[in-house]
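Secondary and tertiary structure notes
For reference, the chains in residue letters:
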Amino acid sequence: MRVSSKDLINDLVLRTQKSINEAEQFYQLSLEQLNYRDATDSWSILECLEHLNLYGDFYLPEIESKMKNSTSNASKTFNSGWLGNYFAKSMLPREKLNKMKTFKDKNPIGTMLDKKCIDRFIDQQKVILGLLDMAVDKDLNKIKTTISISRWIKLRLGDTFRVLIYHNERHILQANKIQVT
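The sections below set out a description of the structure shown in this document. Numbering of residues begins from 1 in every chain and follows the order in which that chain's sequence is written. For a predicted model such as this one, the threshold for reporting local features is a pLDDT of at least 70, and the threshold for listing and counting side-chain atom pairs is 80 or more; totals across whole chains, interfaces and linings nevertheless cover every residue. Side-chain measures here rest on the full set of heavy atoms in the structure, leaving out hydrogens and waters.

What makes two strands pair is DSSP finding at least two bridges between them. Every helix listed is a DSSP run of H or I at least four residues long, and every strand listed is a run of E at least two residues long, numbered separately from the N terminus. Where strand E3 (residues 144-147) lies against strand E4 (residues 150-156), 4 bridges are found, and the strand directions are antiparallel. Bridge assignment links Lys-144 to a residue of E4, and that residue is Arg-156. Hairpin connection of E3 to E4: 2 residues between the antiparallel strands.

The next point concerns the pattern of salt bridges. Whenever Lys or Arg places a side-chain nitrogen within 4 Å of a carboxyl oxygen from Asp or Glu, that contact is recorded as a salt bridge. The full count for this structure, using the stated rule, is 10 salt bridges. A salt bridge links Lys-18 to Glu-22; its shortest N-O distance comes to 3.6 Å. One end of the pair, Lys-18, and the other, Glu-22, are both in helix H1 (residues 5-25), 4 residues apart, so they sit about a helical turn from each other. Since its relative accessible area comes to 47%, Lys-18 is described here as partly exposed. Taking the shortest distance from any N to any O, the salt bridge between Glu-62 and Lys-66 comes out at 3.8 Å. Here Lys-66 and Glu-62 lie together in helix H3 (residues 45-68), a separation of 4 residues that amounts to about one turn. Look at Glu-62 and you get buried, because its relative accessible area is 9%. In this structure, a network of salt bridges that share partners links the residues Asp-11, Arg-15 and Glu-169. Relative accessibility thresholds used throughout: buried, under 20% of the residue-type maximum; exposed, over 50%; partly exposed, between the two (1.4 Å probe, protein chains only).

Okay, the nonpolar core next. Of all hydrophobic cores here, the largest spans 27 residues; its most connected members are Ile-63, Met-67 and Phe-161. Listed by contribution, the elements that provide at least two residues to this core are H1, H3, helix H4 (82-91), helix H5 (116-135) and helix H6 (157-177). Whether two residues are in contact is decided by their heavy atoms: any pair within 4.5 Å suffices. Sequence-distant contacts of Ile-63, defined by excluding residues within four places in its chain, comprise Leu-131, Thr-145, Leu-157, Thr-160, Phe-161 and Leu-164. Only buried residues count toward a nonpolar core. Its members are Ala, Val, Leu, Ile, Met, Phe, Trp, Tyr and Cys residues joined through side-chain atoms within 4.5 Å. Among the nonpolar cores identified, the runner-up in size contains 19 residues, and Ile-45, Ile-172, Ala-175 and Ile-178 belong to it.

A few words on the packing of aromatic side chains. Note on aromatic pairs: the rings of Phe, Tyr and Trp (six-membered ring only in Trp) are paired at centre separations within 6.5 Å, and the planes decide the class, stacked below 30 degrees, edge-to-face beyond 60, tilted for the rest. This structure, assessed with the given rule, holds 3 aromatic pairs. The interplanar angle of 15 degrees and the centroid separation of 6.4 Å between the aromatic rings of Tyr-55 and Tyr-59 together place this pair among those described as stacked. Of this pair, Tyr-55 and Tyr-59 both sit in helix H3, separated by 4 residues, roughly a single helical turn. Summarising the burial analysis for this pair, Tyr-55 and Tyr-59 share the class buried.

See below:
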């Protein structure tokens, strides 16, 4: 994938703002509704958000650290790496979501959560917006970040943002599909 860095960042900002708006709608639900599960092995709305919070706990400091330690200047064009593009595309929400196995340390199933989980998610999205603003002056190709599943694999900053934000969209969609009673 080859795209203008400015266009990529603008797209990611819009996607993040949409995730904030959708998460804010969850405040209207009761705690019982937010913790409701369609099945014993499926996640509740709050568990979907907590899963995202757990990933944010890893990626937000990683992205910020790599950008702060970089002296690279902005690039006009972002060229996705083959692995980063693969990971990003696999996170994009689809009509029929393909199930993916999550890592144990990122699986919040069975955790009783409250509305602070929504607050934390929205706060993390605001941090992402700040990081995207900072990324305007950075080279999305040259800055590399590690990924949560392996410190040995590094993705281009633009791909890391895509993976993180598409993953957020995927689970916000999942949360919206839960039929609360």
